[in-house]
Structures are given as C-alpha cells and as structure tokens.
Amino acid sequence: MYSRVPSPSSKPDPLAVFGRIVPRDHALLGLLAEHYLLSTDQITSVFFDARRTAQRRLTILHRLDVLHRFGRSGDAGRYGSLLYTLGPIGLQLHPTVYHDPAGTSGKPLRSSVERAKRIAASGQVNHLLGVNQFFTDLLATARHDDGLRLSRWWSEQHATTVYAQSGIRPDGHGVWTVGDHSTGFFLEHDNDTENLARVVAKLRGYERLTSFGPRYPVLFWVPSRRREASLLGVLAGLRTASPIATAVHGPDPAGRVWTLVSDPTHRRYLHELPSDHGPDAVTNPQRFDDL
C-alpha cells in the first residue's frame, strides 16, 4: 500500500501522508533541512541499492508534497538530472533554521515553494551540490562498512553559527569515525574560481579558532592536480596551528588522497590526519567526544 505511486493529478490527504513516511524518509528530510538540496544520484548512494528504486520512492514523496523537485542542466548534470528539496509536508516534519543559502539577510520565507525557488535561483546550486557530493560520498562509504561512520555533518551556516567567535565560514564541517577514532575537519570546496591569496586568507579564522576551540584539519578539496600543486606551493613553509591538507576531487574522500602541507611526502587516509577536538570548555561549544 505504501509503495503505490499517487496519480500526478491526485490531491494528497495531509493526514494520510504522515502515515506513509518511513524512517528512511525522515533521514532524507533531515539532510535536506540542513543542506538544502540533493540530487537523485546522491540520494541513491546514501539510501538505496538501486537507482530505479530511489526514483520510484522520490516520485511518491514528490506527489505527496513531501518533496519539491526541479531539473538542472549543464554542470549540475553530473550530479543527476533532478534535484530535491523540502516540500510543504517535509518542511512541517523537519522545520529548519537553515532556510536560505544566502544566509539570514533575506526576507523571511513564507512557504516551502518560496524556499525552493530561492535555493534554485541562488547561484549556489552547483557549489552546494559539490559540497554535498563530498559528504554523501562519505555516507555512501560508511553505508557499506559497519566500522565507518560520518558522525557529524554540519552545513556552512551551522558551522559558521557555532564558531561565530572565530569568523570562519567553512563550506561544511564533519567528523569521520573509523572504529573508535574520530577525525574532525573543516571543508573548503574549491572550484578554481578564487585567487590563491583569497584562499589562503581563509586560514586566519581557523587560526583564531585554535586558541579556544578545536584544532581540526582544514581540507582544501580542489578540482585538479595543477590547482593542488599551486596551492601547496603557496602554503609551503607556512606554520599554522590547524593542520592543512589538500586533495583532488574524486569519489573517495575517505581514501588515501590527502596531502598534509606540513608533510607532503606521502598521501594519507582522511582518518590519518591529525585532529584535536579542543578543550572541554564553554569557549568550545558542542565539542565532539569520541565514543
């Protein structure tokens, strides 16, 4: 009964819809509440064994007004042709403070449709998809290995709010757990659109953070070996309290792909990067504790 695809012209009964939402749907809605949008391929890799099964379930959720969806062309095509965000029912079930990818400066949103339109028109869709691809690749890796877990995934706005005192604006913050060891990190997703001086300037905030918060590696995820070599050249010899590592866009960010600026002689796995959760103090809000 719950797998039947509603007719495109049928009007869903709002009360009946709630009974059709399963735990996997809630997990998806939780991600969309904080991270704005995901593609069909990203959702498939995290939650489903087959793309066709994912498409069917997403169509059901769309027709039940749980999700909105829209199509994109060009660069976004590599992430899948359809993109999903919270619909009216999804927003009721998972209300979120992260309404607007442009931040809190815009007018308050009145509906899920307005939120979806603002996300689609933000000019950040490709960037959001690139950042979310990094984290969904980690989730997909952990899905097939009980010893791995993405223990935390915060959006730019979430991390910026928690660590406001430092002034950092990472593209994302995560904690990757392998066995009983957890590595925190801040992600800087680079598309070779900023000059290197501006990229390096981002490190000032992370240095401020190390004086009272965590000392997590700053990960520069770059689009090419040429860009990585240029960045490593600029950073060579730079002494920082927060570790800095680089790697080239690829399907396995957990793998042996990371080069530490302080030790560029070999590549490391993500969990091998130095990571310090920082002091257990009020200056370090929401400190992560290894379980």
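Figured I'd write up the structure that's included with this text. (Residues numbered from 1 in each chain as written. Predicted model: local features only at pLDDT ≥ 70, side-chain atom pairs only at ≥ 80, totals over all residues. Heavy atoms only, no water.)

**Comments concerning helix 7 (residues 125–143)**
Helical geometry: 3.6 residues make up each α-helical turn, so side chains three or four residues apart lie on a common side. The end-to-end C-alpha distance of helix 7 is 26 Å, a good match for the 27 Å that 19 residues give at a rise of 1.5 Å each. By the criterion of burial, helix 7 is predominantly enclosed, with 14 of the 19 residues buried. (Helix = DSSP H or I, 4+ residues; strand = E, 2+ residues; numbered from the N terminus. Expected span 1.5 Å × (residues − 1). Buried < 20%, exposed > 50% of the residue type's maximum accessible area, 1.4 Å probe, protein only.)

**What to know about the sheet that holds strand 1 (residues 38–39)**
Read across the sheet, three strands follow the order 1-3-2 without closing on themselves; strand pairing throughout is antiparallel. Here the strands that pair on one side only, and so sit at the sheet edges, are strand 1 and strand 2 (67–71). Across five bridges, strand 2 lies against strand 3 (residues 82–86) in antiparallel orientation. Of the residues in strand 3, the one forming a bridge with G71 is L82. (Pairing = 2+ DSSP bridges.)

**Digging into the sheet that holds strand 4 (residues 148–155)**
Strand pairing in a sheet relies on backbone hydrogen bonds, with the paired strands running either antiparallel or parallel. The seven strands lie next to each other as 4-5-6-7-8-9-10, forming an open sheet whose pairing is mixed. Of all the strands in the sheet, the pair left with one neighbour each is strand 4 and strand 10 (263–268). Neighbour-to-neighbour, the strand axes of the sheet open up by a mean angle of 30 degrees, direction not taken into account. Of the strand pairs in this sheet, strand 7 (residues 218–222) and strand 8 (residues 244–248) are connected by five bridges, and their pairing is parallel. Pairing of L219 across the sheet is with A245, part of strand 8. (Axes fitted to C-alpha atoms, helices over the stretch in contact; angles between N-to-C directions.)

**Quick word on the pattern of salt bridges**
Per the stated rule, a full pass over the model turns up 15 salt bridges. When the shortest N-O distance is used, the salt bridge between R267 and E228 registers 2.9 Å. Residue R267 is found in strand 10, and its partner E228 is found in helix 11 (residues 225–235); the two are separated by 39 residues along the sequence. In this structure, the salt-bridge partner of R268 is D263, at a minimum N-O distance of 2.6 Å. You can call D263 partly exposed: its relative accessible area is 22%. Because the salt bridges share partners, they merge into one network encompassing E188, E194, R198 and K202. (Salt bridge = Lys/Arg side-chain N within 4 Å of Asp/Glu carboxyl O.)

**Details of the layout of surface pockets**
Estimates place the volume of the largest pocket at around 440 Å³. When residues of the lining of the largest pocket are traced back to their parent elements, those giving at least two are strand 6 (181–189), helix 9 (196–201) and helix 10 (203–210). The greatest single-element share of the lining of the largest pocket, amounting to four residues, is contributed by helix 10. Of the residues assigned to the lining of the largest pocket, the class counts are five nonpolar, six polar and eleven charged. (1 Å grid on protein atoms, 1.4 Å probe; cavity = no way out; pocket = protein on both sides within 12 Å on 5 of 7 lines; lining within 4 Å. Points joined across faces, edges and corners; volume = space filled by probe spheres on them. Nonpolar A, V, L, I, M, F, W, Y, C, P; charged D, E, K, R; others polar.)

**Points about the side chain of T44**
Along the polypeptide, T44 turns up in helix 3 (residues 40–47). Taking the relative accessible area as the measure of exposure, T44 reaches 11% and is therefore buried. Not counting chain neighbours up to four residues away, the residues in contact with T44 comprise A50, R51, A54 and R143. (Contact = heavy atoms within 4.5 Å.)

**A few points about the side chain of T96**
Mapped onto the fold, T96 is located in the loop between helix 5 (88–93) and helix 6 (112–120). You can call T96 buried: its relative accessible area is 9%. From its side chain, T96 meets the backbone nitrogen of Y98 in a polar contact 2.8 Å long. (Polar contact = N/O pair within 3.5 Å; in protein donor to acceptor, adjacent residues only side chain to side chain.)

**Overview of empty space enclosed by the protein**
Scanning the model with the defined rule gives one cavity of 30 Å³ or more in all. Estimated volume of the largest cavity: approximately 150 Å³. Every residue lining the largest cavity is counted, 16 residues in all, and those nearest its centre are Y36, L128, S155, E156 and D171. Among the secondary structure elements, those contributing two or more residues to the lining of the largest cavity are helix 7, strand 4 and helix 8 (156–162). Sort the elements by how many residues they give to the lining of the largest cavity and helix 7 lands first, with five residues.

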